[in-house]
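# Observations on the model geometry
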Amino acid sequence: MTDFKQLDIYWIGLEPTRGAETKKLRPCVIIQSDLVNNQSKTLIVLLLPNHKPWPFAVNLEPNPENGLDKSHHINLKQLHAVDISRIGKLQGRLNKEYFPAIQNALAIVFGL
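All of these numbers come straight from a predicted model, not from anything done at the bench.

## Considering the overall build of the chain
Scanning the chain for helices and strands turns up 2 helices and 6 strands. Listing each helix as α and each strand as β along the chain from the N terminus yields β-β-α-β-β-β-β-α. For 112 residues, the compact-globule estimate of 2.2 N^0.38 gives 13 Å, and the chain sits close to it at 13 Å. Projected onto its principal axes, the C-alpha coordinates of the chain cover approximately 35 × 35 × 30 Å. The burial tally for the chain puts 40% of its 112 residues in the buried class. Restricting to contacts in the chain with at least 6 residues of sequence separation, those with at least 24 account for 59%. Positive and negative side-chain charges in the chain, numbering 13 and 10 respectively, have mean positions lying 7 Å apart.

## Quick word on unusual backbone geometry
Located in the positive-phi region is L7, a residue other than glycine, with phi close to 80 degrees. By the secondary structure assignment, L7 is in the segment before strand 1 (8-13). In this structure L7 comes out as buried when scored by relative accessible area, which is 1%.

## Notes on the sheet that holds strand 4 (residues 57-60)
Ordered by their spatial adjacency, 6 strands build an open sheet running 4-5-3-2-1-6, and the pairing between neighbours is antiparallel. The open sheet has two edge strands, strand 4 and strand 6 (87-93), and neither has a second partner. Sheet twist, expressed as the average angle between the axes of neighbouring strands with direction ignored, equals 45 degrees. The pairing of strand 2 (residues 25-30) with strand 3 (residues 42-47) spans 3 bridges and is classified as antiparallel. Residue pairing in the sheet places C28 in a bridge with L47 of strand 3. Relative to strand 5 (residues 72-83), helix 2 (residues 99-110) is tilted by about 75 degrees, and along the sheet it contacts strand 4 and strand 5.

## Quick look at the packing of aromatic side chains
Summed over all chains, the structure comprises 1 aromatic pair. Measuring from ring centre to ring centre gives 5.2 Å for F4 and Y10, while their planes differ by 80 degrees; the resulting arrangement is edge-to-face.

## Side note on the environment of K52
With respect to the helices and strands, K52 occurs in the loop between strand 3 and strand 4. Look at K52 and you get partly exposed, because its relative accessible area is 35%. Each C-alpha atom of the pair K52 and L7 lies 20 Å from the other, and the pair is 45 residues apart in sequence. Once residues within four sequence positions are removed from consideration, K52 is found in contact with A57, N59 and H73.

## So, the pattern of salt bridges
This model, assessed by the stated rule, comprises 1 salt bridge. For D8, the salt bridge is made with R93, and the minimal N-O distance between the two is 2.8 Å. Taken together, the residues D8 in strand 1 and R93 in strand 6 connect sequence positions 85 residues apart. When its relative accessible area of 30% is taken as the criterion, R93 is described as partly exposed.

Cut-offs and rules
Residues numbered from 1 in each chain as written. Predicted model: local features only at pLDDT ≥ 70, side-chain atom pairs only at ≥ 80, totals over all residues. Heavy atoms only, no water. Helix = DSSP H or I, 4+ residues; strand = E, 2+ residues; numbered from the N terminus. Rg over C-alpha atoms; globule rule 2.2 N^0.38 Å. Buried < 20%, exposed > 50% of the residue type's maximum accessible area, 1.4 Å probe, protein only. Contact = heavy atoms within 4.5 Å. Lys, Arg positive; Asp, Glu negative; His and termini not counted. Charge placed at Lys NZ, Arg CZ, Asp CG, Glu CD. Pairing = 2+ DSSP bridges. Axes fitted to C-alpha atoms, helices over the stretch in contact; angles between N-to-C directions. Phe/Tyr/Trp six-rings, centres within 6.5 Å; stacked < 30°, edge-to-face > 60°. Salt bridge = Lys/Arg side-chain N within 4 Å of Asp/Glu carboxyl O.

In structure tokens:
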């Protein structure tokens, strides 16, 4: 159904929001598997706000592969399921070397 790939980074419009939810157009990384991506009208994504030293965050530095222009972090505390109509421009791709750190941060968030 879609051509979105796990670890692709897209700009996603998150409005409208409520309360403490992250607002605006933000870079986000697709975290769900390609098997699910190809059969769904929604994607589970992780937000990439500016760099923070949190135990539930995975810090990223810009490089040619991810296409980021400054330091960001993957905020594992704010997983989002978004409709594919919110997906904007492809920014880049996250390297698979980040998977162990993502798994560790998810274990912190969910108490696993």
